[in-house]
Each structure stands twice: as structure tokens, then as C-alpha cells.
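Read off the chains here:
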Amino acid sequence: SPKSSPKVSVTLAIVTQGAGFVSVGKLPLATVQFTHDVSEVESGSTFTQSIAISGPLWWLYAVALGPKMEKNLKARVNKMAILIEHEYDPNAESVS
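For every chain, the first residue of its written sequence is number 1, and the numbers climb from 1 along that sequence. It should be noted that, the model being predicted, local features are given only for residues of pLDDT at least 70 and side-chain atom pairs only at 80 or more, the latter also being counted only at that level, while totals for whole chains, interfaces and linings use all residues. Water and hydrogen atoms play no part in the side-chain values, which are based on all heavy atoms of the structure.

Draft legend 1. Looking closely at the overall build of the chain. Starting at the N terminus, helices and strands are each numbered in turn, a helix being any DSSP run of H or I of at least four residues and a strand any DSSP run of E of at least two. When you go through the chain residue by residue, the secondary structure sums to one helix and four strands. Going residue by residue from the N terminus, the α and β elements of the chain occur as β-β-β-β-α. Partly exposed describes any residue whose relative accessible area lies between the buried limit of under 20% and the exposed limit of over 50%, with all areas from a 1.4 Å probe on protein chains only and scaled to the type maximum. Evaluated residue by residue, the chain yields a buried proportion of 21% over its 96 residues. Look at the contacts in the chain between residues 6 or more apart in sequence, and 26% of them connect residues 24 or more apart. Surface summary for the chain: the accessible area is close to 7,000 Å², and the carbon and sulfur share equals 59%. Here a residue-residue contact requires only that any non-hydrogen atoms of the pair lie within 4.5 Å. Here the open area of atoms and residues is found with the Shrake-Rupley method and a 1.4 Å probe, where only the protein chains shown may cover a residue.

Okay, here's the thing in C-alpha cells:
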């Protein structure tokens, strides 16, 4: 995470093998929930990620962290897609 962002301890809350997972991060007076879903489609699979912030200071973190999260979302989703692909295809592109 960027140096200016607060440190967040993230816990896996729900893991559904082959379908996705939910992770939860705790901030002072707020909770960030990351939902990661894998769905089968005709051409293979799709991966989606959503972020929800709740708690009394949700609005502050949404303003302060939201733009950074949105900016980095595409890179995180692409990296996750490569990791998922690698799990099913050992010859897939490696991830550093």
C-alpha cells in the first residue's frame, strides 16, 4: 500500500473454493470489506472485485482512500487474474 495510507490488518472472512473470497480490514472507526468473485462464463472465467467501507468514519476513508483504491484496482484485479490462471495452468505467466 502507498506510504501515506494507514496500515490495515486484513482477515479472510469467507473463502469459497473456486468461487472467491471476502477479506475484511479494520481501520479506526471503520471497516473495509473486499469481495472477490470468480464466475464461469462461456469463454472461461471472470473475476470481479468490490470494495465497501462502513462505520462512523466511512465517509472520511472513502474520500481519503477511495481514489487511491480505484486507481490501483485494475492492477490488483489483473494480478489476481494471473494468480488464478497460474493455479489452473502451471505454465502461465509468473507473478512477481
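Draft legend 2. Inspection of unusual backbone geometry at higher detail. Even without being a glycine, leucine 29 presents a positive backbone phi close to 60°. For leucine 29, a relative accessible area of 54% gives the class exposed.

Draft legend 3. Inspection of the environment of glutamate 85 at higher detail. Note on placement: glutamate 85 falls in helix α1 (residues 58-88). Each C-alpha atom, one on glutamate 85 and one on serine 45, is 9.5 Å from the other, the two residues being 40 residues apart in sequence.

Draft legend 4. Local environment of the confidence of the model for the chain. pLDDT measures the predictor's confidence residue by residue and takes values from 0 up to 100. Per-residue pLDDT for the chain averages 81, and the proportion of residues at 70 or more is 82%. The weakest mean pLDDT in the chain belongs to α1 at 81; the strongest belongs to strand β2 (residues 20-27) at 92.

Draft legend 5. Highlighting the sheet that holds strand β4 (residues 44-54). Judged by pairing direction, the sheet is antiparallel, and its four strands sit side by side in the order β1-β2-β3-β4 without closing on themselves. Looking at strand neighbours, the two that pair on one side only are β1 (9-16) and β4, the edges of this open sheet. Direction aside, the axes of adjacent strands within the sheet are offset by 15° on average. In this scheme, strands are said to pair when DSSP sees at least two bridges between them. Summarising the sheet, β1 and β2 pair through seven bridges and their orientation is antiparallel. To define axes, lines are fitted to C-alpha atoms, for helices over the stretch in contact only, and angles between the resulting N-to-C directions are given on a 0 to 180 degree scale.

Draft legend 6. Focus on a nonpolar patch on the surface. A cluster of nonpolar side chains, Trp58, Trp59 and Leu60, forms an exposed patch at the surface whose accessible area comes to about 330 Å². Along the chain, tryptophan 58 turns up in helix α1. Look at tryptophan 58 and you get partly exposed, because its relative accessible area is 45%. Any residue with relative accessible area above 30% and no salt bridge may belong to a patch, with like charges joined within 9 Å and the nonpolar Val, Leu, Ile, Met, Phe, Trp and Tyr side chains within 5 Å. Each reported salt bridge corresponds to a side-chain nitrogen of Lys or Arg within 4 Å of a carboxyl oxygen of Asp or Glu.

Draft legend 7. Structural detail: the side chain of histidine 36. With respect to the helices and strands, histidine 36 occurs in strand β3 (residues 30-41). The contact partners of histidine 36, leaving out residues within four places of it in the chain, are Ala19, Gly20, Phe21, Ser23, Phe47, Thr48 and Gln49.

Draft legend 8. Region of interest: the nonpolar core. Within this scheme, the nonpolar core is defined by two criteria: the residues are buried Ala, Val, Leu, Ile, Met, Phe, Trp, Tyr or Cys, and they are joined through side-chain atoms within 4.5 Å. Counting residues in each nonpolar core, the largest one holds seven residues, listed as Leu27, Ala30, Val32, Phe34, Tyr61, Leu65 and Met69. Breaking this core down by element, the ones donating at least two residues are β3 and α1. Not counting chain neighbours up to four residues away, the residues in contact with tyrosine 61 comprise Leu27, Pro28, Ala30, Ile53 and Gly66.

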